[in-house]
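# Examination of the molecular architecture
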Amino acid sequence: MRKSCTGLAGRRVAARSACLFGLASFAVLPLAEAAAAPATQSSQARTRVIEEIRVTGTKREASAQEVPIAVTAISEDALRHQFRNDILAIGELSPGVALGQQPGFRAIAGGVRGTGQNSILVTQDSSVVLLVDEFGLSHVQAQFVELFDVERIEVYRGPQGTLFGKSATGGAISIVTKRPELSEYGADFAFQYGRFDGDDGPTADIRKYNVAVNVPLIRDQLALRAVGIWDEDDGYYSNDKATATWPDFAPLFGGPAPVPEGISTRTVGSGENLNDTEVFAGKLKLLWQPTEKYEAYFMFDYLDDDSGSPPGINESEPDMLLPLLGFPSVQEAGLDDILSTGVTNQCVEGNPDGLCISAGHRVNVKGYMLHQTLELGDYTAKLIVGTREQEEILPNTYTGEAFTSLFDASRNTTRDQDQYELRVNSNFTGPLNFVVGASYAEETTDMLAYSTVGLTGLLTGDTDFLTNPATTGARQDRETVALYADGTFDVTERLSITAGIRYTDDEKEFFRRANPGGPCTELTPPEHQVIVDGQCLDSRSNTIARVGGGFSAKDLEPFELPLPDSAYEIAETFTDSWDEITYRLVLDYDVTDAGMAYLSYATGFISGGFTETCSTPATCRPFDSETNWNVEAGFKGQFAQGTLQTNLAVFFTEYEDLIRSQVVPFTNAFGVTTQETININAGVSQAWGAEGELTWLAMPNLQLIANFGYLDHEYDEFLLDRDLDGVPEDLSDLTVPFSPEWKWGIGATYDQRLPVGTLVFNVSVNHQDESEMSVFNSPLTQMTERTLWDANITYRSPDERYYVTLWGKNLTDERFRTGANSVAGLWNFTMYGRPRSYGLEVGVML
């Protein structure tokens, strides 16, 4: 089974023969027609086989069926048939992958094989590294990329610390986009129109435009590829939740609630759709191959996201503070429409100078990459240089209620990343081949937040909490160095040994500004002056009113704190570093000419770090690295003359020093109780499971696909490393988040040849069991069980230059929770997946 098409010349041949197409888990697979009969025979004499799939995530190009790793390769066709272009589509296309959405953000939650980050912390790495054309993105907000111009996606399951480095305890997802064609002009255009049209909730339009142009500038040497996508929809939530009893009745007060003077009592939104999408993304690529030995590949990426702020759904328990103040959950209020919610009235009425949640999320990304490859006889050297600049302005109403403010905040972040990698691959004809390399990365992250905590204002009657935003901020500078080597030795024609090792050193400098407690100034009103040890301290010193001169939220610069460090109780710098050696050892044996079995041992880690939302010196101290090891046995085979393909894996994984995020209560020096998100190391968990993928060409024009994943994941030890109010020290009996017991999918594709073209029928169903999202297993924070049905019909012209597709998603209109956050016993807010949608797509290929 051992073949390869390495080197520049090999890659040209591979591209022309479609050897780089991926394998789908659902939907249409690329198929190869083998002309086994003489050319004079009819086309019916040809047979279809499953296309060879080649992947590059192991840094050595190889057939996916020959790589002794659990890997799913998702093709462009499979992704297109998902009729969505966000990263969550991958969760529907691969076993062992459970992805959700961070509540309140267009960001990733969940991971692979029971891993996953359940908070938006921007200084923490995720458990699954995402690479786009080999540029690593390890933060959940940055990972919510647009999937377009994709050649294939490679999903590697299990720890990948040796091949991919840090942030890969669960695995790695590598997205490979299309390269320019050196010899052919081409242009593709597609337009999609659809509707969200569930049994409840609002109807909404979906519109999407795609364009790609390929131009050879110097034939066979220099080519340009320009692509773009404009993605927009009107959102499927509505701002019309009208269930609040405040101020007429608040259970906490046993009757009418006191209304702070000058505060609007409106608690119903204006009825508009929420969570709308408005994204433009583009890529510009230049490929230069002046000789057979050298190529330079330049890529420029651009993203402009002006989508609406993702709303939260109020699913609080009755004894939480929000319902006690007169803002019941959708369940307590008996609301049938789970997609009915509310958004703050700030910047609209009541406080026109407040935080403009209605302005939506604004994300801007620019990225530059240069890949250079040089053939040196028996070696191939590759140098990768990349930089990425990302700006985020993310205002949100986290309570799901339309009021002046209960808890509103805007998290604004800038992130600059530079990455460099040099590696050398061997191209020997003998039994040994290897790759060695070194990488260096720099990253600077600046985060600041503005927030109004109206909950406190309603309790105390102090309107300053509703109208005068408080400020916090954090900065992290990071340097990461890694050295690695990975090689394979063919002991016999059938038996091979692969071994790899990587050393990683990660250094971080962290600066945190937080909490009121600065000295009183001439701007401190008497009610906020507190004498502590003979000194006057300002209990609201970190609010924007302390800038003076009538300064308000409308005067804020999005990425600059307007106050000096002296305005904060904490203004402190912390530094630390972590290093780790990760390794792997793999034995693989060709049981037959068409079947390979493997046994592997691999390790991974997530670097320790700091939590940018910490509020005390204790919670600002660094947490430790998370590590894991994995034993896995697998089998990959093709049978029945290449028409049946099976991939199976069983595994056991142990995670140590688990990094867990949770929102917990925090009482500041002035006795005001609020919340903070902290990271803790929480002991050990053990997971074992089985995964399988099956592709069967039952007939020349009928293809069946199935995959499944079973996971048993439990804590062996979960002991908190710090005291938390109301939380037991030993939590070992809790359920590990993002660990659904069963996950499976089945798909079928049927091609019907017609005299005037081809009809392609596709239907798929995928199921995922319930899984926890909250570390403390809070009520109503579960990713709900779901079974989703999708279908589409495509007509393709005889020359395949144009197509028309009628598509439908979530045809049974299931309501399923995809994100949840329990906020320190104060309230609980959630997010839901897309309701039923359907539409039409038209494409032209020139």
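Above: the structure in question.
One structure accompanies this document, and this report is about it. (Residues numbered from 1 in each chain as written. Predicted model: local features only at pLDDT ≥ 70, side-chain atom pairs only at ≥ 80, totals over all residues. Heavy atoms only, no water.)

A few words now on the sheet that holds strand 43 (residues 817–823). The 3 strands lie next to each other as 19-44-43, forming an open sheet whose pairing is antiparallel. Looking along the sheet, the strands with just one partner apiece sit at the ends: strand 19 (313–314) and strand 43. (Pairing = 2+ DSSP bridges. Helix = DSSP H or I, 4+ residues; strand = E, 2+ residues; numbered from the N terminus.)

Residues F327, Y398, F403, L406, L455, L458 and W827 are the most contacted members of the largest nonpolar core, which totals 37 residues. Looking at this core, the elements with two or more residues in it are strand 14 (222–233), strand 17 (277–288), helix 3 (321–324), strand 21 (362–376), helix 4 (454–460) and strand 44 (827–832). In terms of nonpolar packing, the next biggest core, distinct from the first, is built from 32 residues, L79, A89, V97 and V128 among them. (Core = buried A, V, L, I, M, F, W, Y, C linked by side-chain atoms within 4.5 Å. Buried < 20%, exposed > 50% of the residue type's maximum accessible area, 1.4 Å probe, protein only.)

Quick look at the sheet that holds strand 16 (residues 273–274) now. Spatially, 3 strands are ordered 16-15-20 in an open sheet, and the strand pairing comes out mixed. The sheet is open, and its two borders are formed by strand 16 and strand 20 (340–341), each paired with just one other strand. Alignment of strand 15 (residues 237–239) against strand 16, held across 2 bridges, turns out to be antiparallel. Among the inter-strand pairings, S238 is bridged to a residue of strand 16, identified as N273.

What follows covers the environment of V150. Positionally, V150 belongs in strand 10 (residues 150–157). Between the alpha carbons of V150 and Y237 there is a distance of 29 Å; along the sequence they are 87 residues apart. The residues contacting V150, other than those within four sequence positions of it, are E76, L79, I175, V176, T177 and K178. (Contact = heavy atoms within 4.5 Å.)

Glancing now at the pairing of strand 30 (residues 595–606). Across the 12 residues that make up strand 30, a large majority, 9, are buried. The loop that links strand 29 (residues 570–592) with its antiparallel partner strand 30 comprises 2 residues. Of the strand pairs in this sheet, strand 30 and strand 31 (residues 626–639) are connected by 12 bridges, and their pairing is antiparallel. Opposite L599, over in strand 31, you have A633 as the bridge partner.

Applying the stated criterion to the full structure yields 2 disulfides. Between the sulfur atoms of C520 and its disulfide partner C536 the distance amounts to 2.0 Å. One quick way to see it: the torsion about the S-S bond of C520 and C536 is about -75 degrees, and its sign makes the bridge left-handed. You can see C520 sitting in the loop between strand 26 (495–514) and strand 27 (529–532) and its partner C536 sitting in strand 28 (residues 535–538), a full 16 residues away along the chain. (Disulfide = S-S within 2.5 Å.)

The omega angle of the peptide bond from W246 to P247 is 0 degrees, so this bond is cis rather than trans. Here P247 lies in the loop between strand 15 and strand 16. At K59, a position not held by glycine, the phi torsion is positive, near 70 degrees. Considering the arrangement of structural elements, one finds K59 in the loop between strand 3 (54–55) and strand 4 (62–63). Within the chain, D149 stands out as a residue other than glycine whose phi angle is a positive 55 degrees. Here D149 is to be found in the loop between strand 9 (135–137) and strand 10.

Taken together, the side chains of L217, I218, L286, F298, Y368, L370, L383, V385, Y420 and L422 define a hydrophobic patch exposed on the protein surface, amounting to about 770 Å² of accessible area. Secondary structure elements with two or more residues in the nonpolar patch: strand 13 (204–218), strand 21, strand 22 (379–397) and strand 23 (408–426). For L286, the location among the structural elements is in strand 17. (Patch = residues over 30% accessible without salt bridge, like charges linked within 9 Å, V, L, I, M, F, W, Y side chains within 5 Å. Areas by Shrake-Rupley, 256 points an atom, 1.4 Å probe, with all protein chains shown as cover. Salt bridge = Lys/Arg side-chain N within 4 Å of Asp/Glu carboxyl O.)

The next subject is the pattern of salt bridges. Applying the stated rule across the entire model yields 41 salt bridges. Between E76 and K178 there is a salt bridge, with its nearest N and O atoms 2.5 Å apart. With E76 in helix 2 (residues 76–80) and K178 in the loop between strand 11 (171–177) and strand 12 (186–196), the pair connects residues that are 102 residues apart, well separated along the chain. Among the salt bridges present, the one from K283 reaches D301, with a minimum N-O distance of 3.6 Å. Of this pair, K283 sits in strand 17 while D301 is found in strand 18 (residues 294–305), placing the two residues 18 residues apart along the sequence. Judged by its relative accessible area of 10%, K283 is buried. Given a relative accessible area of 24%, D301 falls into the partly exposed group.

The next point concerns the packing of aromatic side chains. Applying the stated criterion across every chain yields a total of 33 aromatic pairs. Relative to W807, the ring of F83 has its centre 5.2 Å away and its plane inclined at 10 degrees; by these criteria the two rings are stacked. In this pair, F83 is assigned in the loop between helix 2 and strand 6 (97–101) and W807 in strand 42 (residues 802–809), connecting sequence segments 724 residues apart. Looking at F83, the relative accessible area reads 8%, which means it is buried. For W807, a relative accessible area of 3% gives the class buried. A cation over a ring is seen here: K59 above F164, with NZ or CZ 6.0 Å from the ring centre. For K508, the ring lying beneath its charged end belongs to W578, and the centroid distance is 5.5 Å. (Phe/Tyr/Trp six-rings, centres within 6.5 Å; stacked < 30°, edge-to-face > 60°. Lys NZ or Arg CZ within 6 Å of the ring centre and 35° of its normal.)

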